[in-house]
Amino acid sequence: MPNPKRRGSKCRRDKRRTHKKLSQPAVSICPQCKATKRPHAVCPTCGTYKGREVIVKSED
């Protein structure tokens, strides 16, 4: 199995790891309740999608 002949620098190591990062998830605002939600998904707060109620939220 091949082993490195010389130790790699910290700069070279960090350059190799530039792609290993998490990106911020996409967020949009619900037009009914103004809460943040994922785009193209049902709003978890009010249960609407594209202006109509998809999930009936129970009032507790």
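To be clear, the structure that these remarks concern was listed above.
Residues numbered from 1 in each chain as written. Predicted model: local features only at pLDDT ≥ 70, side-chain atom pairs only at ≥ 80, totals over all residues. Heavy atoms only, no water.

Colleague: Just to check I follow, could you spell out the overall build of the protein for this structure?
Modeller: A tally of regular secondary structure across the protein gives one helix and four strands. Taken from N to C terminus, the helices and strands of the protein fall in the order α-β-β-β-β. For 60 residues, the compact-globule estimate of 2.2 N^0.38 gives 10 Å, and the C-alpha radius of gyration of the protein, at 23 Å, exceeds that figure by more than 25%. A principal-axis box enclosing the C-alpha atoms of the protein has dimensions of 65 × 25 × 20 Å. (Helix = DSSP H or I, 4+ residues; strand = E, 2+ residues; numbered from the N terminus. Rg over C-alpha atoms; globule rule 2.2 N^0.38 Å.)

Colleague: Whenever I open this one, the state of the cysteines confuses me. Can you help?
Modeller: What makes a disulfide is a covalent bond joining the sulfur atoms belonging to two cysteines. Following the criterion strictly, the structure yields zero disulfides and no others. In this structure Cys33 is not part of a disulfide, and its nearest cysteine sulfur, from Cys43, lies 3.6 Å away. For Cys33, a relative accessible area of 30% gives the class partly exposed. (Disulfide = S-S within 2.5 Å. Buried < 20%, exposed > 50% of the residue type's maximum accessible area, 1.4 Å probe, protein only.)

Colleague: Hey, could you run me through unusual backbone geometry in this one?
Modeller: Most peptide bonds are trans, and most residues other than glycine sit at a negative phi. At His40, a residue that is not glycine, the phi angle is positive and equals roughly 60 degrees. Mapped onto the secondary structure, His40 falls in the loop between β2 (36-37) and β3 (48-49). Although it is not a glycine, Lys50 sits at a positive phi angle of roughly 55 degrees. Turning to its location among the elements, Lys50 is positioned in the loop between β3 and β4 (52-53).

Colleague: Any chance you could explain a nonpolar patch on the surface here in plain terms?
Modeller: A surface patch of nonpolar side chains, about 220 Å² in accessible area, is lined by Val42, Val54 and Ile55. With respect to the helices, strands and loops of the structure, Ile55 is situated in the segment after β4. (Patch = residues over 30% accessible without salt bridge, like charges linked within 9 Å, V, L, I, M, F, W, Y side chains within 5 Å. Areas by Shrake-Rupley, 256 points an atom, 1.4 Å probe, with all protein chains shown as cover. Salt bridge = Lys/Arg side-chain N within 4 Å of Asp/Glu carboxyl O.)

Colleague: What is the right way to read the pattern of salt bridges from this model?
Modeller: Opposite charge on two side chains permits them to pair, given that their charged atoms come into close proximity. Summed over all chains, the structure comprises one salt bridge. Across the salt bridge formed by Arg13 and Asp14, the nearest N and O atoms sit 3.1 Å from each other. The exposure class assigned to Asp14 is partly exposed, which follows from its relative accessible area of 41%.

Colleague: I tried to follow a positive patch on the surface on my own but got confused; where do I start?
Modeller: A surface patch of positive charge is lined by Arg12, Lys15, Arg16, Arg17 and Lys20. Turning to its location among the elements, Arg17 is positioned in the loop between α1 (10-16) and β1 (28-29). (Lys, Arg positive; Asp, Glu negative; His and termini not counted. Charge placed at Lys NZ, Arg CZ, Asp CG, Glu CD.)

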